[in-house]
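Each chain, written out:
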Amino acid sequence: MDILKQLSDTFLDWEAMGEVVPKMFAVGLPNTLVLAVISGIIGTLLGMALALMGISRNAAARWIARIYTDVLRGLPPVLTILVIGFGFGPIIRELTGSTSPYPMAIAALSLMSGAYIGEIFRSGIQSVDKGQLEASRALGFGYGASMRLVVVPQGIRRVLPALVNQFIALIKESSLVFLLGLLATEREIFQIGKDAAATSGNLSPYVAAAIFYLVLTIPLTHFVNWIDARFRSGRPEKKEPDDAAAVVGKGAHA
C-alpha cells in the first residue's frame, strides 16, 4: 500500500495538475497546434515537390529528392532539430533581427515532415495503375496534364490515411522543440509540463501533458481508421425502389 500511495503522490497529484492545466490550455495547446499545423502545411507542399522530383524523368531531380529524403529520414528528429535550430538560428537572427527560436522550430519540423510526406505521396502516385496514364494520353492529354489531372489526384486519395498519421506524428514531435529554448509565450504542452515538474518536484504535470497529447491524437487515430475503412468499402449506394414496388405502392394508396 505504501508503494501505491507513493506512486499516487508522484504521478496523480491533482493539485499539481490543477495548477498547470490552465497554462497548458492557454499557452501550450495553441502553440502545439500552431507548430503541427504550419509544419504540416509546409511539409505537405515540400513533400509533393519531392514526390514529383522523385518520379521525374530528370535524373538530377530524382537524385536530389533521393538524397534529401534519405538524409532527413535517417537522422534522429532530436539531432535534426538541434542542427537546424542552433546551426541556422544565428544566421536567421542576424538577417531578421528576431531572437525567437520559434521559426526555426517550425522549419525543422517542416523539413522532417516533408521527407516523410514526400515518400507517402510518391508511393501513392506510383500505386496508380499505369493504364490511367496511358488512357489519358490516348485522349490527347500531355504527360504533365495527365499527371496533374488524373494520376496525382488518385494517388493523393489513396494516401490520405497515411497523411493523417504523419500529422499525428508531427503533434508528438513538436514536444522536442523545447531543446531550442522557446520563450515563455511560445512553449508547447511538453515544455510547460516539464517546467512545472521541475518547479514542484512532482511528475504529475507530465501526466497532465500526456493526457493533452492523448486527447489530441486518439480521435485522429480513430479518424484515420474511419477513412481507411471508408476507402476500402466504398460509399454505400442508396437503394431505390424498383418499378414493381412503386406500382404496388401506388395501388395501396389508391
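Residues numbered from 1 in each chain as written. Predicted model: local features only at pLDDT ≥ 70, side-chain atom pairs only at ≥ 80, totals over all residues. Heavy atoms only, no water.

As annotated in an unreviewed UniProt entry, the chain carries the name Amino acid ABC transporter permease and comes from Paenarthrobacter aromaticivorans.

Participant: Can you lay out the overall build of the chain for me, pointing to particular residues and giving the numbers?
Facilitator: A count of helices and strands for the chain gives 12 helices and 0 strands. Helices and strands in the chain line up, N terminus first, as α-α-α-α-α-α-α-α-α-α-α-α. Counting over 254 residues, the chain shows a buried share of 34%. The long-range fraction of contacts in the chain, counting pairs at least 24 apart against all pairs at least 6 apart in sequence, stands at 79%. Put simply, the chain shows about 15,000 Å² of open surface, and 66% of that area lies on carbon and sulfur atoms. (Helix = DSSP H or I, 4+ residues; strand = E, 2+ residues; numbered from the N terminus. Buried < 20%, exposed > 50% of the residue type's maximum accessible area, 1.4 Å probe, protein only. Contact = heavy atoms within 4.5 Å. Areas by Shrake-Rupley, 256 points an atom, 1.4 Å probe, with all protein chains shown as cover.)

Participant: Can you break down helix α4 (residues 77-87) residue by residue, with the values?
Facilitator: Buried residues of α4: Thr-80, Ile-81, Ile-84 and Gly-85, and no others. Down the axis of α4, the buried set is contained in an arc of 115°. They therefore lie on one face. (Arc of directions from axis to C-beta.)

Participant: Could you give me a rundown of the side chain of Ser-113, with the residues and numbers involved?
Facilitator: Considering the arrangement of structural elements, one finds Ser-113 in helix α6 (residues 102-126). Ser-113 sits in the buried class, given a relative accessible area of 0%.

Participant: Which residues make up the nonpolar core, and what are the values?
Facilitator: Ranked by size, the top nonpolar core spans 29 residues in total, and within it Met-24, Leu-35, Ile-81, Leu-109, Val-177 and Ile-189 carry the most contacts. Broken down by secondary-structure element, the contributors of at least two residues to this core are α2 (14-54), α4, α6, α9 (160-173), α10 (189-200) and α11 (204-233). Among the elements that take part in this core, α6 stands out by supplying 8 residues, more than any other. Ranked by size, the runner-up nonpolar core spans 13 residues in total, among them Ile-55, Ile-120, Ile-125 and Val-128. (Core = buried A, V, L, I, M, F, W, Y, C linked by side-chain atoms within 4.5 Å.)

Participant: So what's going on with the UniProt feature "transmembrane region" (unreviewed entry) in the chain? Which residues, and what values?
Facilitator: Per the UniProt record, "transmembrane region" (unreviewed entry) is annotated on residues 33-53, 74-92, 104-121, 167-185 and 205-227. Between the C-alpha atoms that bound residues 74-92 the distance is 25 Å, and the span itself is 84% helix and 0% strand. (UniProt positions renumbered as here; feature names shortened; annotations may be inferred.)

Participant: Give a detailed account of the pattern of salt bridges, specifying residues and quantitative values.
Facilitator: Charged atoms that come close allow side chains of opposite charge to pair. On inspection of all chains with the given rule, the structure shows 5 salt bridges. Here Glu-119 and Arg-66 are joined by a salt bridge, their closest N and O atoms 3.6 Å apart. Taken together, the positions of Glu-119 in helix α6 and Arg-66 in helix α3 (residues 59-74) put the pair 53 residues apart, joining distant regions of the chain. For Glu-119, a relative accessible area of 14% corresponds to the buried category. Where Glu-119 meets Arg-122, a salt bridge forms, and the shortest distance between an N and an O atom there is 2.8 Å. Highlighted residues: Glu-119 and Arg-122, both in helix α6, separated by 3 residues, approximately one helical turn. (Salt bridge = Lys/Arg side-chain N within 4 Å of Asp/Glu carboxyl O.)

Participant: A description of the packing of helix α7 (residues 130-138) against helix α8 (residues 143-158) should follow, citing residues and the corresponding values.
Facilitator: Orientation of α7 relative to α8, taken along the N-to-C sense of each, is 140°, at an axis distance of 9 Å. Judged on the interaxial angle alone, α8 and α7 are oblique. Crossing of α7 against α8: the hand is right-handed. Contacts between α7 and α8 involve Gln-132, Leu-133, Ser-136 and Arg-137 on the former and, on the latter, Tyr-143, Ser-146, Met-147, Val-150, Val-151 and Gln-154. Looking at side-chain class alone, the contact of α7 with α8 contains 5 nonpolar, 4 polar and 1 charged residues. (Axes fitted to C-alpha atoms, helices over the stretch in contact; angles between N-to-C directions. Parallel < 35°, antiparallel > 145°, perpendicular 65-115°, else oblique. Left-handed = near helix turned anticlockwise from the far one by under 90°. Nonpolar A, V, L, I, M, F, W, Y, C, P; charged D, E, K, R; others polar.)

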